[in-house]
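# Structural characterization, general
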Amino acid sequence: MRSPLSPEMATQEVPLNETLAHLKTESETLKLKLEEERAKLHDVELHQVAEKVEGLGQFVMKTRRTLKGHGNKVLCMDWCKDKRRIVSSSQDGKVIVWDAFTTNKEHAVTMPCTWVMACAYAPSGCAVACGGLDNKCSVYPLSLDKNENLAAKKKSVAMHTNYLSACSFTNSDMQILTSSGDGTCALWDVESGQLLQSFHGHAADVLCLDLAPSETGNTFVSGGCDKKANVWDMRSGQCIQSFETHESDINSVRYYPSGDAFASGSDDATCRLYDLRADREVAIYSKESIIFGVSSVDFSLSGRLLFGGYNDYTINVWDVLKGTRVSILFGHENRVSTLRVSPDGTAFCTGSWDHTLRIWA
Amino acid sequence: TYNFYGKIQILTHFSVSMLCVWRPAHFFMLVNMTSNSSLSNMRRLVEQLKLEASVERIKISQAAAELQQYCLQNASKDALLVGVPTGSNPFREPRSCAVV
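Residues numbered from 1 in each chain as written. Chains lettered and ligands numbered in written order. Predicted model: local features only at pLDDT ≥ 70, side-chain atom pairs only at ≥ 80, totals over all residues. Heavy atoms only, no water.

- An unreviewed UniProt entry lists chain B under the name Guanine nucleotide-binding protein subunit gamma, with Oryzias sinensis as the source organism.
- Its UniProt record gives chain B a comment under Subunit (unreviewed entry), which states: "G proteins are composed of 3 units; alpha, beta and gamma." (UniProt positions renumbered as here; feature names shortened; annotations may be inferred.)

- Under an unreviewed UniProt entry, the name given to chain A is Guanine nucleotide binding protein (G protein), beta 5a, and the organism recorded is Oryzias sinensis.
- In its Sequence similarities (unreviewed entry) section, the UniProt record describing chain A reads: "Belongs to the WD repeat G protein beta family."

### Description of the domain arrangement of chain A
Residue and element names in this part refer to chain A.
- Looking at the assigned domains, one finds that chain A contains domain 1 (61–199) and domain 2 (201–330).
- Each of domain 1 and domain 2 was reduced to a C-alpha centroid, and the two centroids are 22 Å apart.
- Taken together, the contacts link 20 residues of domain 1 with 21 residues of domain 2.
- Regarding the contact of domain 1 and domain 2, the summed buried area is about 1,500 Å², with carbon and sulfur atoms giving 68% of it.
- When the buried area of domain 1 at its contact with domain 2 is split by residue, Met61, Leu177 and Phe199 rank highest and sum to 37% of it.
- In this structure, the connection of domain 1 to domain 2 is made through 0 salt bridges.
- Linking domain 1 with domain 2 are 4 residue pairs in polar contact (both at pLDDT 80 or more), by the criterion used here.
- Breaking the side of domain 1 that touches domain 2 down by element, the ones donating at least two residues are β10 (164–169), β11 (175–180), β12 (184–189) and β13 (195–200).
- The residue inventory of the side of domain 1 that touches domain 2, partitioned by class, reads 8 nonpolar, 12 polar and no charged. (Domains from an automatic or database assignment. Contact = heavy atoms within 4.5 Å. Buried area = accessible area lost by both parts, 1.4 Å probe. Salt bridge = Lys/Arg side-chain N within 4 Å of Asp/Glu carboxyl O. Polar contact = N/O pair within 3.5 Å; in protein donor to acceptor, adjacent residues only side chain to side chain. Helix = DSSP H or I, 4+ residues; strand = E, 2+ residues; numbered from the N terminus. Nonpolar A, V, L, I, M, F, W, Y, C, P; charged D, E, K, R; others polar.)

### A few points about the UniProt feature "repeat: WD" (unreviewed entry) in chain A
All names here are of chain A.
- When the UniProt feature table is mapped to this numbering, "repeat: WD" (unreviewed entry) covers residues 67–108, 157–198, 199–242, 243–284, 294–328 and 329–361.
- Helix makes up 0% of residues 157–198 and strand makes up 60%, while its end C-alpha atoms are separated by 14 Å.
- End C-alpha atoms of residues 294–328 are separated by 13 Å, and the span's content is 0% helix alongside 60% strand.

### Focus on the interface of chain A and chain B
- At the junction of the two partners, chain A supplies 94 residues and chain B supplies 63 residues.
- Sorting the residues of chain A by area buried against chain B places Lys31, Leu34 and Arg277 of chain A first, and these three jointly supply 9% of that buried surface.
- The interface formed by chain A and chain B includes 3 salt bridges.
- Lysine 50 of chain B is the salt-bridge partner of glutamate 26 of chain A, the closest N and O atoms lying 3.4 Å from each other.
- Here chain A is connected to chain B by 12 residue pairs in polar contact (both at pLDDT 80 or more).
- Looking at the side of chain A that touches chain B, the element that brings in the most residues is helix α2 (residues 16–41) of chain A, giving 14 residues.
- Among the residues making up the side of chain A that touches chain B, the classes are represented as 49 nonpolar, 23 polar and 22 charged.

### Focus on the sheet that holds strand β4 (residues 94–99) of chain A
All names here are of chain A.
- Reading across the sheet, the 4 strands line up as β2-β3-β4-β5 and stay open at both edges, with antiparallel pairing between neighbours. Edge positions in the sheet fall to β2 (74–79) and β5 (104–110), since each has one partner strand and no second. Adjacent strand axes in the sheet meet at a mean angle of 20°, parallel and antiparallel pairs treated alike.
- With 5 bridges connecting them, strand β3 (residues 85–90) and β4 associate as antiparallel partners. Residue serine 88 lies in a different strand from β4, and its bridge partner there is isoleucine 96. (Pairing = 2+ DSSP bridges. Axes fitted to C-alpha atoms, helices over the stretch in contact; angles between N-to-C directions.)

### So, the pattern of salt bridges
Residues and elements named next belong to chain A.
- Enumeration according to the criterion identifies 20 salt bridges over all chains in this entry.
- We note a salt bridge from aspartate 82 to arginine 85, for which the minimum N-O separation is 2.5 Å.
- You can call arginine 85 partly exposed: its relative accessible area is 22%.
- Among the charged side chains, a salt-bridge network with shared partners connects Asp78, Asp210, Arg254, Asp298 and Arg340. (Buried < 20%, exposed > 50% of the residue type's maximum accessible area, 1.4 Å probe, protein only.)

### Section: the nonpolar core
- Leu46, Cys271, Leu273, Tyr285 and Leu306 of chain A are the most contacted members of the largest nonpolar core, which totals 29 residues.
- Every element with two or more residues in this core is listed here: β19 (261–266), β20 (271–275), β21 (280–285), β22 (294–299) and β23 (305–310) of chain A together with α2 (60–74) of chain B.
- For this core, the element with the highest residue contribution is α2 of chain B, accounting for 5 residues.
- Discounting residues that sit within four places of it in the chain, cysteine 271 of chain A has contacts with Ser264, Gly265, Ala283, Ile284, Tyr285, Val294, Val297, Leu306, Tyr310 and Trp318 of chain A. (Core = buried A, V, L, I, M, F, W, Y, C linked by side-chain atoms within 4.5 Å.)

### Observations concerning the environment of arginine 64 of chain A
All names here are of chain A.
- Mapped onto the fold, arginine 64 is located in strand β1 (residues 63–67).
- On a C-alpha basis, the gap between arginine 64 and aspartate 205 in space is 35 Å, while along the polypeptide they are 141 residues apart.
- Engagement of the side chain of arginine 64 in a polar contact is seen with the backbone oxygen of alanine 361, the distance being 3.0 Å.

Right, here's the structure in full:
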């Protein structure tokens, strides 16, 4: 194994560009080797394997609830583990907690900034996190007392040097993972606000992240404006796998329910599926007629369906195995900005620039 | 994507401490080209590539089969896929005030 700069070399006057050239050659060789290794495993396409699987019938999915109350574009939403509550955030700085069954608003907080691009429900259901143009992620404990001013108990947890694009609690209320326009992701301790780990590797704004299902260990995936989706080890901070096949910004990433793969949605109007054990893209979900970017993606409970919210106001539903579109849903009057399937898979929620959220089932 | 700030690609605010390079067609590498850091960046790139090269991979046929198996095994529990008995999806239940 070649060591780039051994002690003996340092004492001699080795020109800097010679060492650099050696490293460059080594990196080129490694890249070629990677290509070869991956090509050897590309023996079939996913949809070919799935040819014998029964096709899906017609889907009847409709808007079952419409949540009205935001005064401006809805940018993000998240489900509570109780499968009925939802937190949503908006361009007007408001963060609202809803009961999706009754459509009642349970809590409302006004953030000191506009464009609250990220919000998340704590696993306990007792707090929400949010942030955006303030470059921070703040946690608000939810009080049972409706008269209590939630803003008074606000806790600032994360500090980035640019906008907060996404946030997610880990398995407990104690830690939060964030991604930012400053190109990094970070893991924070909620109680102390301490930075536990930072993740460097994206070459531009990081727009989205998703934690691996808890059974599969401590990893998460992030997507960014550099067209890359990176898989990270949360403990070491290392990027363990990287995928760059999209042709534009990756707006959304979501793990397949088994944790062995993840989907991404991009401004290039495609969704893609990447298998982590094959270490490559295994499917592209696209149509010539779809030319607007995908803002958000999520899987149904079994992973058979992939829902994509698009900037052309629609939701496209894809058969993950066969690669075909099974349904297109209309209803929103502006671009769909956020989409999440409920924790038990009975419904999914979309948020839109038309100021509303819709529950579909 | 958000239109404010014109979605500026922030390349100047931070040094690229870990470069993750993808294959096959386009090897996009972003390196801060000052003489001091380019050597250390290259070293890190080589280390990162070695790490990625050491990943154990399986054939797509096997990966695809396992994805498919997971789908089929869990299909019956997937309410959005197969539907649920009438009345047991809380969102499909009619509410007391009729919504037209």
